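What follows is each chain in one-letter form.
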Amino acid sequence: MNVAEAWAEAARAVPRERFVPAVALLGVLPGSPTSWIDRDLDPEGWWRAVRSNAAIAVQLDDGVLDIEDKPAAPFAVATSSCSAPSLVFSMLDLLSADKGDVVLEIGTGTGWTAGLLAARLGPDNVVSVEIDPAVAARARSNLRSVGLAPSVIVGDGALGHPERAPYDRVHVTCGVTRIPYEWVRQSKPGGVIVLPWMPGWQTGHVARLTVVDGVATGRFHGPSGFMLMRAQRPPEVPITGEPRESVSTLDPHDFASAPEGLALTIAGLLPDVRGRAAAHSDGTLHVAVRHGDSHALAVFPPDAPEADVTQRGPRDLWDELEDAVHRWNAWNRPGPDRFGLTVTPDGQYVWLDSPDTPVRT
Ligand SMILES: C[S@@+](CC[C@H](N)C(=O)[O-])C[C@H]1O[C@@H](n2cnc3c(N)ncnc32)[C@H](O)[C@@H]1O
């Protein structure tokens, strides 16, 4: 049986419908359209959602709002989900786990991914860590319903699970900005870590790292958006400080089309800086950049090449961003296939072409 057949068999043994609760929310990303699904009120709609390729939120605001009440809370944040099937299977493919491998999963959620891994590798070879006790309890019960009982541990996945280390594979299904070194420490030599890296600029990137001599290195494999690991959510810092006005001549198309190579350049040069570009209904393009109490906002009018920029706080974030864009242009706009990520005991860095050439020197 080839790998695709093996995963198809696992998917048949672990059907998604066993992992989606009766009431849930279709669509999870902030700003994306969402709609309630309810198995009792609209069974057809519920099945359509389960069979679709959409992520389905199963918890809001860390469980403070009960999702079964279908809270009318437009600002509620989805904090646990059954991930989008195409992303689940593409990440499992990248993991390239095989019979006999022991896998640590971080972020059990509904337990669907843990179930697929358990069906393929055997439940004794899968350990999944979930921070939320109620989510973990439901995942265990979902898994029991398909006759599987991999180890579901309640704890902070950033610490891994040293009791069962070393692992052949670490599979991460919550977004991380800073990759905990524990995952590298708890991997076998030659072990593989697959994770959604979410450095903060637009969307995230799936990274596949291989561990050699205590260092994890690898490349990016396409965009991904995942819920951030709890402790890595950016703190809400109020915007204060006197505004500093200027004009930007950056090409707004660089932001509107958000090429992944530029996003990786920015992530590598400006670690922990968050940013978003959003088109407004009046035709303007807003680009916001943030780090701690530093903030910058550029507003590009529809047909004018220049944007009005307002910067606040100790850092001139817009100037730093412009510098990053100029560097990406000077490198002839490399695409995401030329970038990679390395994690050492001292931290992490983005590189271009080779781990010996970090983008930030
Ligand atoms: C996108 S969901 C995981 C989807 C899941 N793999 C599935 O198949 O349904 C992300 C999960 O990560 C969990 N999480 C967040 N921070 C965590 C942490 N520090 N340690 C472990 N789990 C965490 C959330 O509670 C949430 O359930």
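Read on for a plain summary of the structure. (Residues numbered from 1 in each chain as written. Predicted model: local features only at pLDDT ≥ 70, side-chain atom pairs only at ≥ 80, totals over all residues.)

1. As for the sheet that holds strand E12 (residues 244-248)
Stage number 1. Strand order across the open sheet formed by 5 strands is E12-E16-E15-E14-E13, with antiparallel pairing between neighbours. Each edge of the open sheet carries a strand with a single partner, namely E12 and strand E13 (274-279). Put simply, the sheet's adjacent strands are angled 15 degrees from each other on average, direction ignored.
Stage number 2. Most of the contacts of helix H9 (residues 317-330) go to strand E15 (residues 294-300), to which it runs at about 65 degrees, and overall it touches E12, strand E14 (285-291), E15 and strand E16 (307-312). (Pairing = 2+ DSSP bridges. Helix = DSSP H or I, 4+ residues; strand = E, 2+ residues; numbered from the N terminus. Axes fitted to C-alpha atoms, helices over the stretch in contact; angles between N-to-C directions. Contact = placed C-beta atoms within 7 Å.)

2. A look at the sheet that holds strand E5 (residues 103-106)
Stage number 1. Taken in spatial order, the 9 strands make up an open sheet running E7-E6-E5-E8-E9-E10-E11-E17-E18, and their pairing is mixed. Either end of the sheet is taken by a strand with one partner, and the two such strands are strand E7 (151-154) and strand E18 (347-352). Neighbour-to-neighbour, the strand axes of this sheet turn through a mean angle of 20 degrees, independent of strand direction.
Stage number 2. Inspection of the sheet shows strand E8 (residues 167-172) paired to strand E9 (residues 187-197) by 4 bridges, in the parallel sense. Note on E9: the bridge partner recorded for Tyr-167 is Ser-187.

3. Some details on unusual backbone geometry
Stage number 1. Cis rather than trans, the peptide bond between Ala-165 and Pro-166 has omega equal to 5 degrees.
Stage number 2. Within the fold, Pro-166 resides in the loop between E7 and E8.
Stage number 3. Not every positive phi belongs to a glycine, and Asp-62 is a case in point at roughly 55 degrees.
Stage number 4. As for its placement among the helices and strands, Asp-62 is situated in the loop between strand E3 (56-60) and strand E4 (78-82).
Stage number 5. Of note in the backbone geometry, Asp-272 takes a positive phi value of approximately 70 degrees without being a glycine.
Stage number 6. Along the polypeptide, Asp-272 turns up in the loop between helix H8 (260-269) and E13.
Stage number 7. By C-beta crowding, Asp-272 is classed as partly exposed, having 14 other C-beta atoms within 10 Å. (Buried ≥ 20, exposed ≤ 12 C-beta atoms within 10 Å, placed from the backbone.)

Any functional reading would require information that these geometric values do not contain.
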